[in-house]
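# A structural walkthrough
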Amino acid sequence: MTELFVSQAELVHWTTEAVAIPSCPGTPNQEAAVGAFLKGVFDAEGIPCRIDSLPDGRCNVIAVLKGTGGGRSLMLNGHMDTVPPYDMEDAFTVRREGEKMIGRGVSDMKGPLCAMMGALISIRRSGKMLRGDLVFTGVADEEEGSLGTIALIESGLRADGAIVGEPLGRSHVAVAQKGLEWYEFTFTGRTVHGGSQETGVNAILMANRFITAVEAQLLPLLKSRSHPLLGHPSLNIGVIRGGTQLSTVPGQCIVQLDRRFLPEETYEQMGAELRDILDELSRQSPDFRGGMRVLESSVMKEGYVHQSMETPVSSPLVQAVMNAARSVTGEAEATGCPCWTDAALLSHYAHIPSVVYAEGGLETCHSKEEYILPRQLTDSCRVYVHAAEEFCG
């Protein structure tokens, strides 16, 4: 098994300290204090590290172990921001329940982030020299608009492979993920008193026609498409709002839906299939008025969308991470990622082969029971070190 030159106690300490620094929305200069903490640890270990400023006092943290040359470079990417505490009490103090370390961001993803930092420190302390560069990137804003990873891409920072440290379950190496978009449809009718409804146009009924058409035409099409790791593309109608009172014909109805698309689909195709349904309904009825837009909460920086991602299992990156996970935990499985991550940005826009890997469970992330185990920190760190030694040379 790969030897570590950082202790489990250090990984636990770094994670506890990082969680104690709030970096959720509403925190002034949201990730800045976490970035300063990480840089302080790297500086103490003699690892070159810098902070790149972003708008509104936010930042990215980049640390690099330079290689001797002739090897592949590897990026370890993780986000410094977290979701809000929500209903988690004393969210920024890690508490122990048996083996569990519980706190906001302990798993998503300050724990894996500290394991990535530990990988650079372990290799530095070991005295080994990799042939390729090992790059740590602690990024801002992954939970919202991914401005941090977009800034990395636009800065020109590149690597031959990237590991994004979202916790997906024991020895799960995610090599694919769905893209996504959130759409809003606004249906406009004619508001009149319910006693004169024959002169009005009911926007709720209009929305119902759209939903019925989606169910009849688009859902069977989506079920005919499949990916061996990701399954079918999906469409979920999650919100509908319309009407003001029972005695008024509603003049407006809003429908919001979540659409997740496979790597073999395209973002443009996904939007076109929804617009085609609106166009067909408009041709069928002159009173039909339906508009479509991307929800503001889903809009990324201009030129970027939530793309899908797939890295071949046969690629050197996937093989290195699979071999590392197998060596450390005794097993490894190539899987699809059930959530969206910055790996898709690195893969699609920077053309960096990417995987998603960290020990830990996704199921409690964002909840009041979010936790990680100390051994999962150690196992993740050990896998990152082993993968870097194989991939970078």
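Going by the structure above, here's the rest.
Residue positions are counted from 1 within each chain, in the order its sequence is given. The model is predicted, so local features are restricted to residues of pLDDT at least 70 and side-chain atom pairs to those at 80 or more, both for listing and for counting; the totals for chains, interfaces and linings are taken over all residues. Each side-chain value is worked out from all heavy atoms of the structure, with water and hydrogens disregarded.

What follows deals with the state of the cysteines. Whenever a pair of cysteine sulfur atoms sits within 2.5 Å, that pair is classed as a disulfide. If you walk through the whole model with that rule in mind, you get zero disulfides. Of all cysteine sulfurs in the structure, the one in Cys339 sits closest to Cys365, which takes part in no disulfide; the separation is 8.3 Å. Throughout, exposure labels follow a simple rule: accessible area from a 1.4 Å probe, protein chains only, divided by the maximum for the residue type, with under 20% read as buried, over 50% as exposed, and the rest as partly exposed. Overall, the relative accessible area of 10% leaves Cys365 in the buried class.

Only buried residues count toward a nonpolar core, which is a set of Ala, Val, Leu, Ile, Met, Phe, Trp, Tyr and Cys residues joined through side-chain atoms within 4.5 Å. In this structure, Phe136 and Ile163 are the most contacted members of the largest nonpolar core, which totals 61 residues. Of all hydrophobic cores here, the second largest spans 54 residues; its members include Leu180, Tyr183, Trp340 and Ala350.

Our next topic: helix H4 (residues 147-155). Of the residues making up H4, those classed as buried are Gly148, Thr149, Ile150, Leu152 and Ile153. For this analysis, residues touch if any pair of their heavy atoms sits within 4.5 Å. Helical segments are the DSSP runs of H or I of at least four residues, strand segments are the runs of E of at least two, and each set is numbered from the N terminus. Along its buried surface, H4 packs onto strand E2 (59-65), strand E3 (74-79), strand E6 (134-139) and helix H8 (343-348). At the C-terminal side of H4, Gly156 shows a positive phi close to 90 degrees.

Once that is clear, we can look at the environment of Ala162. Along the chain, the position of Ala162 falls in strand E7 (residues 161-164). Judged by relative accessible area, which is 0%, Ala162 ranks as buried. With near-sequence residues (within four places) excluded, Ala162 lies in contact with Leu74, Met75, Leu317, Leu346, Ile352, Pro353, Ser354 and Val355.

Judged by pairing direction, the sheet is antiparallel, and its three strands sit side by side in the order E4-E5-E18 without closing on themselves. Each of the sheet's edge strands pairs with one partner strand only, and the pair in question is strand E4 (95-97) and strand E18 (371-372). Across two bridges, strand E5 (residues 100-102) lies against E18 in antiparallel orientation. In the sheet register, Met101 faces E18, and the bridge partner there is Ile372. What makes two strands pair is DSSP finding at least two bridges between them.

Next up on the list: the pairing of strand E1 (residues 49-53). Direction of pairing for E1 relative to E2: antiparallel, over a ladder of five bridges. Along E2, the bridge assignment pairs Cys49 with Ala63. Connecting the antiparallel pair E1 and E2 is a turn made up of five residues, with Asp56 showing a positive phi of about 65 degrees.

These figures come from the coordinates and say nothing about function on their own.
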